[in-house]
Amino acid sequence: MAAKSNPKPKLTLSVQYADARLQEILPRPLIRKTIQAALYFPAELTLRFVDAAEGQELNRDYRGKDYATNVLTFAYTENEDAEVTQADIILCTDVLQREADEQKKSVLEHAQHLIVHGVLHAQGYDHETDEEADEMEGLEIEILAGLGLNNPYQ
């Protein structure tokens, strides 16, 4: 993990509230702060909040899974030689709110966790194997703790 004394990597960020329900509790400055905490490399990211219909359409069309999921990351620069990480991160508001309720967490805290999760995916982290999942979860716990948030896996 990058040392905290290092300057923050450059971030170019676009935030789209196609579904505006979380716009008040997740304003752009908080999104930027959350992303920056998980960023190890310069990045150009778009974060888009969508409803279940758009989330399902994207998941079906691009992943072949016909349901809305909590977060989708479309990473465009997955090779290690890329100077700038480029990705679109899609958060489905309906799924996010339902999961927060089921997990007895605040919507804000769950959204920040999913943003961190998506940013790590954009930078090449994955959870296909147990070893990868352990590494990614460890990073998420550490990053969220740095933001003053609880371990999302407890």
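Caption draft 1: Spotlight on the environment of Leu-39. Among the structural elements, Leu-39 can be located in the loop between α1 (28–37) and β2 (43–50). Along the primary structure Leu-39 and Asp-130 are separated by 91 residues, whereas in three dimensions their C-alpha atoms are 23 Å apart. Among all residues touching Leu-39, those that are not within four sequence positions of it are Pro-9, Lys-10, Leu-11, Val-119 and Gln-123.

Caption draft 2: Geometry of the environment of Val-116. Within the fold, Val-116 resides in helix α4 (residues 107–122). When its relative accessible area of 0% is taken as the criterion, Val-116 is described as buried. Here the alpha-carbon distance between Val-116 and Glu-137, two residues 21 residues apart in the chain, equals 10 Å. For Val-116, the residues in contact, after removing those within four places along its chain, are Thr-34, Ala-38, Glu-140, Ile-143 and Leu-144.

Cut-offs used in this document
Residues numbered from 1 in each chain as written. Predicted model: local features only at pLDDT ≥ 70, side-chain atom pairs only at ≥ 80, totals over all residues. Heavy atoms only, no water. Helix = DSSP H or I, 4+ residues; strand = E, 2+ residues; numbered from the N terminus. Contact = heavy atoms within 4.5 Å. Buried < 20%, exposed > 50% of the residue type's maximum accessible area, 1.4 Å probe, protein only.

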